[in-house]
Amino acid sequence: MSQAKKVSIGITCYNARETIGRAIASALAQDYPDIEVLIADDASTDGSAAIVAELIAREQRARLIHLETNGGPAAARNAIIAAASGEFLAFFDDDDESLPERIRRQVQILETFETTHGPVPVACYAAGERLYPNGYVKPMPAIGADEIRPHGPPLADYLLFHRKLPGWRYESGTPTCALMARTDLFRHLGGFDANLRRVEDVDFAVRLALAGGWFIGTPDKLFVQHATTGTDKSYERNRDAEVAIADKHRDYLRSIRRYHYARNWPVLRYHHFKRDYLRFAMQFARIWLVNPVLATEHLLATGPKRLAHERRMKTEA
């Protein structure tokens, strides 16, 4: 590798006093030679900011950003984007931990891709795993980690309404906790949509895809996501945010006749999570009448996997 380019590591923090220390420690333990760690506290009410300040008091590579009002993950990430001085920017979550080689490996993969593909917009996602309280471990392989790299509007189609292209491996999608890209790319795309309190990472990836972006990933596992719950992760917030994304991209979706589908599928998922199977059946019928083939393929492709995953979350020891 040529002379190392500076990397900013952004960690959003909200009421994470029990886990933020682990996330910061994993950021500071990176074996990459030139990093800064920016922790944006999103107006926590549990003393998280004071804990962060104490943890980094003697660490010149780290800085705490205080947000006066709670704006959600997107607003906190935008504060990090504004403050970042690194050429690359990677995001860690406040309840995750990254392996020491994560930043080095993602920079290697990004720079190698840019050498062969030129100055195209590109985001790199780390592979990882999600650890549940009952011991169940769900692998999270990275999108674009093999020779076929998803790119352009077809990737937006997958994110908005689950249309897949043969041969493309979408794997674990586009979670921000695994993301690295050039800082200028985040700024060029306008950062994250602060109107979204959930799935703002999906919206960012949709906008990148519609701008012709490429999605690449690491073959090796580089982070551990510790599954947590909270009011900011409610089914209602997820449904509302997913519907809002469909509304935001309605012009594109209408141009390919998929707006009805993209707007109604999140409501179907919500009824499943709430175990309201009568409304689930009625909602599926509503979707199927407009898009019978896509709805059937989507349900068959994701339904059994989802049910198996939920069983393991409840029963694995």
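Scroll up to find the structure this text is about.
Being a predicted model, the structure only gives us computed values, none of them experimental.

A. Structural detail: the packing of helix H5 (residues 153-161) against helix H7 (residues 200-210). Contact geometry for H5 and H7: axes closest at 7 Å, N-to-C directions at 155°. With respect to H7, the element H5 is oriented roughly antiparallel. For H5 against H7, the interelement crossing comes out left-handed. Counting all contacts with H5, which are made through Pro-153, Leu-155, Ala-156, Leu-159 and Leu-160, the residues of H7 involved are Val-202, Ala-205, Val-206, Ala-209 and Leu-210.

B. View of the pattern of salt bridges. Applying the stated criterion to the full structure yields 23 salt bridges. A salt bridge links Glu-242 to Arg-269; its shortest N-O distance comes to 3.7 Å. A residue pair is termed long-range when its members are at least 10 positions apart, and Glu-242 in helix H8 (residues 235-248) and Arg-269 in helix H10 (residues 259-273) qualify at 27 residues. Arg-269 sits in the partly exposed class, given a relative accessible area of 31%. Salt bridges sharing partners connect three or more residues here, namely Asp-193, Asp-203, Arg-207 and Lys-248.

C. Quick look at the pairing of strand E7 (residues 137-140). Pairing of strand E6 (residues 122-131) with E7, which is carried by four bridges, proceeds in the antiparallel orientation. Bridge pairing in E7 links Leu-131 to Val-137. Between E6 and the antiparallel strand that follows it, E7, lie five residues; Gly-135 among them carries a positive phi value of about 95°.

D. Expanded view of unusual backbone geometry. For Asn-15, which is not glycine, the phi dihedral falls at a positive 45°. By the element assignment, Asn-15 lies in the loop between strand E1 (7-13) and helix H1 (20-28). We classify Asn-15 as partly exposed; its relative accessible area is 31%. One non-glycine residue, Ala-43, lies in positive phi territory at about 55°. Among the secondary structure elements, Ala-43 is positioned in the loop between strand E2 (35-41) and helix H2 (48-55).

E. Region of interest: the environment of Ala-40. Along the chain, the position of Ala-40 falls in strand E2. What makes Ala-40 buried here is its relative accessible area of 0%. For the pair Ala-40 and Leu-67, spaced 27 residues apart in sequence, the C-alpha separation works out to 7.0 Å. Beyond its immediate chain neighbours, meaning those up to four positions away, Ala-40 contacts Ile-11, Thr-12, Cys-13, Ile-65, Leu-67, Ala-76 and Ile-80.

F. Examining the side chain of Thr-12 more closely. If you trace the backbone, Thr-12 turns up in strand E1. Overall, Thr-12 belongs to the buried group, its relative accessible area being 10%.

G. View of the packing of aromatic side chains. This model, assessed by the stated rule, comprises twelve aromatic pairs. Ring centres 5.8 Å apart and planes at 85° place the aromatic pair Phe-91 and Phe-192 in the edge-to-face group. Placement of the pair is Phe-91 in strand E4 (residues 88-92) and Phe-192 in the loop between helix H6 (183-188) and H7, with a sequence separation of 101 residues. Grouping residues by exposure puts Phe-91 and Phe-192 together as buried. Between Tyr-158 and Tyr-170 the ring centres are 4.1 Å apart and the planes differ by 20°, which places this aromatic pair in the stacked class. Here the residue Tyr-158 occupies a position in helix H5, and Tyr-170 occupies one in the loop between H5 and strand E8 (179-182), the gap between them amounting to twelve residues.

H. Representation of the nonpolar core in the model. By size, the foremost hydrophobic cluster in this structure holds 57 residues, and its most contacted members are Tyr-125, Leu-155, Phe-186, Phe-192 and Phe-215. Setting aside anything within four residues of it in sequence, one finds Phe-192 in contact with Ala-74, Arg-77, Asn-78, Ile-81, Phe-91, Thr-176, Leu-179, Phe-186, Glu-200, Asp-201, Phe-204 and Arg-207. Core analysis: the second largest hydrophobic core is formed by 32 residues, Cys-13, Phe-88, Phe-113 and Cys-124 among them.

I. Expanded view of helix H4 (residues 102-117). Helix length check: H4, at 16 residues, gives a terminal C-alpha distance of 22 Å against a target of 22 Å (1.5 Å per residue), a fit within 8%. Taken as a whole, H4 has its buried residues at Arg-102, Ile-103, Arg-105, Gln-106, Val-107, Ile-109, Leu-110, Glu-111, Phe-113 and Glu-114. Check the buried side of H4 and you find it contacts E1, E4, strand E5 (96-98), E6, E8 and strand E9 (214-226). Immediately downstream of H4, the backbone of Gly-118 shows phi near 80°, a positive value.

Cut-offs used in this document
- Residues numbered from 1 in each chain as written.
- Predicted model: local features only at pLDDT ≥ 70, side-chain atom pairs only at ≥ 80, totals over all residues.
- Heavy atoms only, no water.
- Axes fitted to C-alpha atoms, helices over the stretch in contact; angles between N-to-C directions.
- Helix = DSSP H or I, 4+ residues; strand = E, 2+ residues; numbered from the N terminus.
- Parallel < 35°, antiparallel > 145°, perpendicular 65-115°, else oblique.
- Left-handed = near helix turned anticlockwise from the far one by under 90°.
- Contact = heavy atoms within 4.5 Å.
- Salt bridge = Lys/Arg side-chain N within 4 Å of Asp/Glu carboxyl O.
- Buried < 20%, exposed > 50% of the residue type's maximum accessible area, 1.4 Å probe, protein only.
- Pairing = 2+ DSSP bridges.
- Phe/Tyr/Trp six-rings, centres within 6.5 Å; stacked < 30°, edge-to-face > 60°.
- Core = buried A, V, L, I, M, F, W, Y, C linked by side-chain atoms within 4.5 Å.
- Expected span 1.5 Å × (residues − 1).

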